[in-house]
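# Residue-level structural notes
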Amino acid sequence: MNKLKSPIAVVWEITNNCNYKCPHCRAYMSSISEDVNLENKIIEEIIENDILSVNISGGEPLVNPRIVSIVSRLTKASIDVGLSSNGWLFSKIGKELVDNGLSFLQVSLDGPRELHDSFRGVDGAYERAIEALKYAKSLGLRTQMNVTITSRNLSTLMYNLDVANEIGIDRIFYRRVVPAGKGKENISLLPPKEEYLRKILELSKIYSETLDIAIDDPILPILMMKDGANVDNDRMSCTAGVKSIGIDSNGVVYPCIFLREKVGDLHENDFSTIWNNSPILEKLRNRDFYKCGKCEFNYVCGGCRAYSGIFEKDEMCPL
């Protein structure tokens, strides 16, 4: 596989802090002050390496007091900047972010009000999420509802689809929960395999002229082929370490923000050195990992490395 000189997209966690208490969070809630010098270095590295797109995440990125400045500096360098948020604070700062170039907002919504508030650990979280998406739409932002599929919301996935259509947002994005961070301590959140496979296959068959329905799971093409659908064999599902990369608030670099396998540290090396010399990234690009790497579908699928680890088979595999 040809290696790009730099990733096309970066997900950057600008803080580890959050105002929610989600049981699956890949980051850890702690009261810490972000390193401003490190933030500046990361911004410079992103600009110097000609990154096209940055998704600002966390923790909850809107609790970082320098969020507007971060967005502004990136967009002034002609970088497309999006935001992943729980939505709670967006109504207070959304207009200023848009005025400084923000182009995209994605907000997590787990299901109906009671389910979402319980899962996020904050009363009123559901209303704030809906308000944020509506407000973002009114500001002209591209909007996306993120749905993390867990054992708790397998039966309510269509509810989210109905709400997304009602609000009129651009995209709904489903992905399975990953056992990273706090998710490692709450394994009961992992959905039962057979029911999960059935649900995402059902979702893949839904068509909407107004709403983009995305299911972010590399095993979906295999499910579709087994179901008799035509699938483009030239597509590559997982782009971790190939076209995209993750950076946390401490400057640690990962192949994917959900795959917490350290490939470098921006305290120690520049971004280009990490991208071009990491043995782990090289293995990911060559699909050199255990049974998934030897499978005939290793490029069209390759399994979710974040779910099962880099060198293990994807336990959700339907084959």
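Right, let's walk through the structure included here. (Residues numbered from 1 in each chain as written. Predicted model: local features only at pLDDT ≥ 70, side-chain atom pairs only at ≥ 80, totals over all residues. Heavy atoms only, no water.)

### A look at the nonpolar core
Trp 12, Ile 56, Ile 67, Leu 74, Phe 90, Leu 97 and Tyr 174 are the most contacted members of the largest nonpolar core, which has 81 residues in total. In terms of residue count, helix H5 (residues 125–138) provides more of this core than any other element does, 6 residues in total. For Ile 67, the residues in contact, after removing those within four places along its chain, are Ile 14, Ile 56, Pro 61, Leu 62, Leu 83, Ile 93 and Leu 97. (Core = buried A, V, L, I, M, F, W, Y, C linked by side-chain atoms within 4.5 Å. Buried < 20%, exposed > 50% of the residue type's maximum accessible area, 1.4 Å probe, protein only. Helix = DSSP H or I, 4+ residues; strand = E, 2+ residues; numbered from the N terminus. Contact = heavy atoms within 4.5 Å.)

### Points about the sheet that holds strand E5 (residues 142–149)
Strand order in this open sheet of 10 strands is E7-E6-E5-E4-E3-E2-E1-E8-E9-E10, and the pairing throughout is mixed. Strands with a single pairing partner mark the edges of an open sheet, and in this sheet they are strand E7 (212–215) and strand E10 (264–265). Alignment of strand E3 (residues 80–85) against strand E4 (residues 104–108), held across 4 bridges, turns out to be parallel. Paired with Leu 83 across the two strands is Leu 105, which belongs to E4. Docked against the sheet, helix H7 (residues 193–204) engages E5, strand E6 (171–176) and E7, running at close to 155° with respect to E7. (Pairing = 2+ DSSP bridges. Axes fitted to C-alpha atoms, helices over the stretch in contact; angles between N-to-C directions.)

### Here's the deal with the pattern of salt bridges
Applying the stated criterion to the full structure yields 16 salt bridges. Between Glu 39 and Arg 66 there is a salt bridge, with the nearest N and O atoms lying 2.8 Å from each other. Residue Glu 39 is found in helix H1 (residues 36–48), and its partner Arg 66 is found in the loop between strand E2 (53–57) and helix H2 (67–75); the two are separated by 27 residues along the sequence. With a shortest N-O distance of 3.1 Å, Asp 288 and Lys 283 are connected by a salt bridge. Of the residues examined, Asp 288 reaches a relative accessible area of 40% and is grouped as partly exposed. Several salt bridges converge on common partners, so that one network encompasses Arg 176, Asp 217 and Asp 314. (Salt bridge = Lys/Arg side-chain N within 4 Å of Asp/Glu carboxyl O.)

### A few points about the packing of helix H4 (residues 113–120) against H5
Two quantities define a packed helix pair, namely the angle between the helix axes and the distance between the axes. The geometry of H4 relative to H5 is characterised by a closest axis approach of 8 Å and an angle of 105° between their N-to-C directions. The pairing of H4 with H5 is recorded here as roughly perpendicular in orientation. Residues Arg 113, His 116, Asp 117 and Arg 120 of H4 form the contact with H5, whose participating residues are Ala 125, Tyr 126, Glu 127 and Ala 129. (Parallel < 35°, antiparallel > 145°, perpendicular 65-115°, else oblique.)

### A short note on H1
Here H1 is 13 residues long and its end C-alpha atoms lie 18 Å apart, about the 18 Å a rise of 1.5 Å per residue gives. Residues of H1 that are buried include every one of Leu 38, Glu 39, Ile 42, Ile 43, Glu 45 and Ile 46, and no others. The buried residues of H1 occupy one face: seen down the axis, they fall within an arc of 165°. Facing away from the buried side of H1 by over 90 degrees, the exposed positions are Asn 37 and Glu 48. The inward-facing, buried residues of H1 abut strand E1 (9–13), E2, H2, strand E8 (244–247) and helix H9 (271–277). (Expected span 1.5 Å × (residues − 1). Arc of directions from axis to C-beta.)

### A look at a nonpolar patch on the surface
Taken together, the side chains of Leu 4, Ile 8 and Leu 52 present a nonpolar region at the surface, about 240 Å² in accessible area. Taking the relative accessible area as the measure of exposure, Leu 4 reaches 32% and is therefore partly exposed. (Patch = residues over 30% accessible without salt bridge, like charges linked within 9 Å, V, L, I, M, F, W, Y side chains within 5 Å. Areas by Shrake-Rupley, 256 points an atom, 1.4 Å probe, with all protein chains shown as cover.)

### A closer look at the pairing of E5
Burial runs high along E5: 7 of the 8 residues are buried. Handedness of the crossover joining E5 and E6 through helix H6 (residues 157–167): right-handed. (Right-handed = clockwise from strand over helix to strand, strands pointing away.)

### Describing empty space enclosed by the protein
It is a probe the size of a water molecule, rolled over the atoms, that shows where empty space is left. Applying the stated rule across the entire model yields 2 cavities of 30 Å³ or more. In this structure, the largest cavity encloses a volume near 40 Å³. In terms of lining, the largest cavity is formed by Trp 12, Glu 13, Ile 14, Glu 34, Asp 35, Leu 38, Glu 39, Ile 42 and Ser 249. Within the residue set of the lining of the largest cavity, elements represented by two or more residues are E1 and H1. Looking at side-chain class alone, the lining of the largest cavity contains 4 nonpolar, 1 polar and 4 charged residues. By volume, the second largest cavity amounts to about 30 Å³. Taken together, Gly 87, Trp 88, Ser 91, Arg 128, Glu 131 and Ala 132 make up the full set of residues lining the second largest cavity. Of all the elements, H5 adds the most residues to the lining of the second largest cavity, at 3 residues. For the lining of the second largest cavity, the residue count by class is 2 nonpolar, 2 polar and 2 charged. (1 Å grid on protein atoms, 1.4 Å probe; cavity = no way out; pocket = protein on both sides within 12 Å on 5 of 7 lines; lining within 4 Å. Points joined across faces, edges and corners; volume = space filled by probe spheres on them. Nonpolar A, V, L, I, M, F, W, Y, C, P; charged D, E, K, R; others polar.)

### Description of the layout of surface pockets
Roughly 220 Å³ of internal volume is contained in the second largest pocket. The wall of the second largest pocket is formed by 16 residues, among which Cys 292, Lys 313, Asp 314, Cys 317 and Leu 319 lie closest to the centre. Taken together, the residues that form the lining of the second largest pocket break down as 8 nonpolar, 3 polar and 5 charged.

### Thoughts on the side chain of Ser 103
In this structure, Ser 103 sits in the loop between helix H3 (90–99) and E4. In this structure Ser 103 comes out as buried when scored by relative accessible area, which is 16%. Side-chain polar atoms of Ser 103 contact the side chain of Asp 80, separated by 2.7 Å. Setting aside anything within four residues of it in sequence, one finds Ser 103 in contact with Asp 80, Val 81, Leu 141 and Arg 142. (Polar contact = N/O pair within 3.5 Å; in protein donor to acceptor, adjacent residues only side chain to side chain.)

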